[in-house]
Every structure is written in structure tokens, then in C-alpha cells.
Amino acid sequence: MSSSLFIRSVVLSSRFHLAPCIRPLKRHYVPTLLSRLGASSLWSISRRSFNTSLCARFSRLPSDKGTNKLGDTLSSDKVSHQNVTLREDIYTIPNLLTVSRILACPVLGWSILQDNFYLATGLLVYAGLSDWVDGFLARRFNMRSVLGTILDPAADKTLMTTLTVTLTMKGLLPVSLATIIIGRDVLLSLSAFYIRYSSLPPPKTLARYWDFSIPSAEVRPTTISKFNTAAQLALMFAITVAPIAPAYLSVYLPEMQLLVAVTTIWSGLSYMFSKDAVRILSETRERR
């Protein structure tokens, strides 16, 4: 009985190393104990492994001789550990506000083409306020999500593309500047599709690709990109309200257009060469 109790008190480290508590027995009794435990193959561990201090107690003795039940248990636990898929709550108020900005873009474009600049100005004000509110809620009430880091810039780009196309069609924005803005956004969108596919954990299926509750990569806007977005929005707002605003507000439009052109190219290059712009997320989460 005492021998059985002593065997059950044998402890092994997290790296399969024998603990110091059996150091006095390591020369004569440990091989016998290991053979009884069905883990005799572990005796190939070097003597230096006795210096470890991290231990894990056997919960039960292996019943079959010649079978490494400890190794089988740890192996199966590792497999189940790797199959845990990260998911997050995407139905948050900030995300809903962001989606509402995207849905408002077709109405904004229609109002500009119909020369209804009062409605267009109101929608622009709503877009600016909702953008500030969803950011505040995400930070204040910890409603951040990986999807939000994708939706927020996507909403800005959708709004900017709508304004760029419609204002150019109305002759209020130079074609050269519109080409720079849209060209950069198209390249960034194609890059986003590729990053999503390459970072998506296997299996890479179409359903999992469009399942945004499975995060795979996080987009982090660069400093120059944030400045460029603000400059673009300021320019588009100034052009949109120009037909209904006093003439003196349009005095600096040429300088604003030049600033937007330079920062647009600069921000596009920053996404290409910055190591912190995109962060690939891990699929697995450690068990607690």
C-alpha cells in the first residue's frame, strides 16, 4: 500500500522532466517507478532535467503497460487546444452606426446628382457625427472589435468614393485628383481581400471567408492615413456645401486639393511599407 501511494506522488515537470522531489531516488528507484507507470521511455531524460521546479502531478496511474498514456493525454489535449476558433460579438452599437454610414452613401450620391445639396450636407453632417459617436462608444464602453477596425475605414472609403465619383460627374472635382483617390482605394481594397484570405485559418472555405465573426487580421490606420482621411473629408465637405455657402468659403479649394493629392499618395505608400499597419491574429486561444 505504501509503495502504491508513493508511486502516485511522483511528479513530472511541464517539459516531462522529473522534479527535485525524487532526486534522492534517481539512481536506483526511478527506473523501476517509471516502468510501473508505463513511462519507461522517459528515462532517456538527462540528469540535468532534475533541476526543474515546474511540476505536474499524475491524476491517475496508466493501466496498460508499454503505453505512454501521459503522452497520449497531452497529445489529445494539444489537438483540442489547437481547434479552438476565436469568435467575437460583431453586433455592437458602434458597428451598427458604421453600417448605417455605409447604407447612407447611395442616398448621398443620389442627392448630389439631383443637385439637392441641402440633403447632401445633412448626410455629411450625420456621417461625421456618427463616426465620432461610434469611436467614443467603442473606447468608453469597451465595444472594440476586429470587425470594427475593418468596417470603420471601409465606411470612410465608401463615403469618399461616393463623393469623389458624384462630385467629379458634376464637374466640381478635378478628374486627376479623383483618379489618385480612387486608384489608391482600389489597391488597398484588393490588398485587404488578399490579406483576409492569406490570414484566414484553415479550412479556407467561402463561408468562413465571409464569416466576420472569425477574426484573422486587424487593420491599424497609420498616422498619415488618419490625416489624409480628415483632409479628404474636409475637402469633400467644402465642395459639397460650396453651391449653397458664401463664396469666400471656396477661396482655399485649390490648396486643399493639392494637400489631399500629396497625403493620398503618402498614405498609400505607408500601408505598403509599414509593419504595424496590419496585424495577423492567432486562431487559437489558451485555455484558462
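That block above? That's the structure.
To start, this report covers the structure provided alongside it. Note that this is a predicted model, so its numbers are computed, not measured.

Digging into the pattern of salt bridges
Should their charged atoms come close, side chains of opposite charge can pair.
Then step 1. Inspection of every chain in the model, using the stated rule, returns 7 salt bridges.
Then step 2. Measuring nitrogen to oxygen at the nearest pair gives 2.6 Å for the salt bridge that ties arginine 101 to aspartate 134. One end of the pair, arginine 101, is in helix H4 (residues 93-113); the other, aspartate 134, is in helix H5 (residues 117-140), with 33 residues separating them in the sequence.
Then step 3. Note that lysine 157 is salt-bridged to aspartate 185, the shortest N-O span being 4.0 Å. Taken together, the positions of lysine 157 in helix H6 (residues 146-169) and aspartate 185 in helix H7 (residues 175-199) put the pair 28 residues apart, joining distant regions of the chain.

Details of the packing of aromatic side chains
Then step 1. Tallying each qualifying case throughout the model produces 3 aromatic pairs.
Then step 2. Judged by centre distance (6.4 Å) and plane angle (70 degrees), the rings of phenylalanine 193 and tryptophan 210 are edge-to-face. Here tryptophan 210 lies in the loop between helix H8 (206-209) and strand S3 (217-219) and phenylalanine 193 lies in helix H7, a separation of 17 residues in the sequence.
Then step 3. According to the relative accessible area criterion, tryptophan 210 is partly exposed, its value standing at 48%.
Then step 4. Put simply, the rings of Phe193, Tyr209 and Trp210 pair up and form one aromatic cluster.
Then step 5. Its end group placed over the ring of phenylalanine 141, arginine 140 keeps NZ or CZ at 5.3 Å from the ring centre.

Here we look at the nonpolar core
Then step 1. Counting 24 residues, the largest nonpolar core has Leu108, Leu163 and Leu173 as its most contacted members.
Then step 2. Sorting the residues of this core by element identifies H4, H5, H6, H7, helix H9 (223-241) and helix H10 (253-273) as the ones contributing at least two each.
Then step 3. In this structure leucine 108 touches Ala120, Leu123, Leu124, Leu159 and Leu163, once residues within four positions along its chain are discounted.

Details of the side chain of aspartate 134
Then step 1. A relative accessible area of 5% places aspartate 134 in the buried class.
Then step 2. Contacts of aspartate 134, omitting those with residues within four sequence positions, involve Pro94, Leu97, Thr98, Arg101 and Asp152.

Here is what the cut-offs are and how they apply
Residues numbered from 1 in each chain as written. Predicted model: local features only at pLDDT ≥ 70, side-chain atom pairs only at ≥ 80, totals over all residues. Heavy atoms only, no water. Salt bridge = Lys/Arg side-chain N within 4 Å of Asp/Glu carboxyl O. Helix = DSSP H or I, 4+ residues; strand = E, 2+ residues; numbered from the N terminus. Phe/Tyr/Trp six-rings, centres within 6.5 Å; stacked < 30°, edge-to-face > 60°. Buried < 20%, exposed > 50% of the residue type's maximum accessible area, 1.4 Å probe, protein only. Lys NZ or Arg CZ within 6 Å of the ring centre and 35° of its normal. Core = buried A, V, L, I, M, F, W, Y, C linked by side-chain atoms within 4.5 Å. Contact = heavy atoms within 4.5 Å.

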